[in-house]
Amino acid sequence: MSTQDVLEHLQRLGMSGYEAKAYVALVGAGRPVNGYEVAKRSGVPRSTVYETLGKLVARGAAYEVRGASDATEYLPLPPESLLDRMRREFDGSVSALRSALPAVAAAPEGHLIHNLKDGQAMLDRAGDVVAGARRDLFMSVWPDELRVLRGEVLEAAARDVEVSLVSFGDVSFGDVSFGGGLSGAPGNVYEHRYSAPETVLREFGYRLIVVVADRREAVVGGFGDGAAWGVYTADPAVALMAAEFVRQDIALQILADRVGAAELDRLFATEPGLLRLLRRR
């Protein structure tokens, strides 16, 4: 991780740009330093460096010490201690807001539906949906997207969310394997073999993603040709339909395993009702 990455993460955790630069300069010095040296090491303007150091001291991320010449010098709170403190403060704020925010929130006028502008936005929102699941989780994903969401899926299973997932291809992660019937899988996880993933990709031209939590919110979208499209919805009717899509696809995989792909192929080729439903215009 580069220094710039460190600075960006510190800012995400609440430090200003100047505070992050000054803190990294203090950590990198390895000894007490004065404001002039912090400015020189960090690039924080000399006109604002003492104000910035004062803010670090106020938040407990740095300490003032007296140097040999009785001048004020600064030492950082050690990184591990700073991160532990940030985690405690963050967890405390989240805990307080969990009960306080709903009390001030207005009831929505309608069920929320919004577009997701790109692949990263779609995966971020899908991660939110997985993290918010409390009872059940339905997912239809491809290996590339599942690797991104792996942690959230395992955490959902660990908090006793019933996971039902179908993956278009083999996805293994060493300590945990995702595949139909494997005992190490988090919940009920199936590999999409009927139809084969390459056949689905050839016919549709994109990788579909469906993520549904508690049948109340969902992300539905696709990835293909370097682009991505999708929507998030909190409309329970749409979320229910998305969950049913995943349930039906999993049911088809179970049937294919039980009666054989050849028998299903025969039914799809000879049963008039199925032929009508599968006919492409």
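The following paragraphs examine the structure supplied in this document. (Residues numbered from 1 in each chain as written. Predicted model: local features only at pLDDT ≥ 70, side-chain atom pairs only at ≥ 80, totals over all residues. Heavy atoms only, no water.)

## A word on the packing of aromatic side chains
Spelled out, the test is: Stacked, edge-to-face and tilted are the three classes for Phe, Tyr and Trp ring pairs, Trp counted by its six-membered ring, which pair at centre distances within 6.5 Å; planes under 30 degrees apart are stacked, over 60 edge-to-face, the rest tilted. Secondary structure elements follow DSSP: runs of H or I of four or more residues count as helices, runs of E of two or more count as strands, with numbering from the N terminus. Note on exposure labels: buried denotes an accessible area under 20% of the residue type's maximum, exposed denotes more than 50%, and partly exposed covers the range between, all computed with a 1.4 Å probe on protein chains only. Two conditions define a charge sitting above a ring: the NZ of Lys or the CZ of Arg must be within 6 Å of the ring centre, and it must be within 35 degrees of the ring normal.
Across all of its chains, the model carries 3 aromatic pairs by this definition. The interplanar angle of 10 degrees and the centroid separation of 4.7 Å between the aromatic rings of tryptophan 142 and phenylalanine 168 together place this pair among those described as stacked. In this pair, tryptophan 142 is assigned in the loop between β4 (136-141) and α7 (143-158) and phenylalanine 168 in the loop between β5 (162-167) and β6 (171-173), connecting sequence segments 26 residues apart. Here tryptophan 142 falls in the buried class, since its relative accessible area comes to 7%. Using a relative accessible area of 8% as the deciding quantity, one classes phenylalanine 168 as buried. In this structure an aromatic cluster arises from ring pairing among Phe204, Tyr206 and Trp229. The residue whose ring lies beneath arginine 125 is tyrosine 232, and the NZ or CZ to ring-centre distance is 3.8 Å.

## Remarks on the packing of helix α3 (residues 35-42) against helix α4 (residues 46-58)
Heads up, the rule is: Every axis in this analysis is a line fitted to C-alpha atoms, fitted for helices over the stretch in contact. Angles between the N-to-C directions lie between 0 and 180 degrees. For classification purposes, an angle smaller than 35 degrees is called roughly parallel, one larger than 145 roughly antiparallel, one from 65 to 115 roughly perpendicular, and anything else oblique. Contacts are assigned to residue pairs with any non-hydrogen atoms lying within 4.5 Å of each other. Three classes are used, and their members are as follows: Ala, Val, Leu, Ile, Met, Phe, Trp, Tyr, Cys and Pro are nonpolar, Asp, Glu, Lys and Arg are charged, and the others, Gly among them, are polar.
Contact geometry for α3 and α4: axes closest at 9 Å, N-to-C directions at 110 degrees. In this view, α3 runs roughly perpendicular relative to α4, as classed from their interaxial angle. Between α3, through Gly35, Tyr36, Val38 and Ala39, and α4, the contact on the second element is made entirely by Arg46, Val49, Tyr50 and Leu53. Of the residues in the contact of α3 with α4, the class split is 6 nonpolar, 1 polar and 1 charged.

## Re the pattern of salt bridges
It is possible for side chains of opposite charge to pair when their charged atoms get near one another. In plain terms, the rule: A side-chain nitrogen of Lys or Arg and a carboxyl oxygen of Asp or Glu constitute a salt bridge if their distance falls within 4 Å.
Taken as a whole and assessed by the stated rule, the structure comprises 13 salt bridges. The salt bridge partner of aspartate 257 is arginine 193, with a shortest N-O separation of 3.1 Å. You can see aspartate 257 sitting in helix α9 (residues 236-259) and its partner arginine 193 sitting in the loop between β8 (188-191) and α8 (197-204), a full 64 residues away along the chain. One salt bridge connects arginine 216 with glutamate 217, and the closest N-O pair in it is separated by 3.2 Å.

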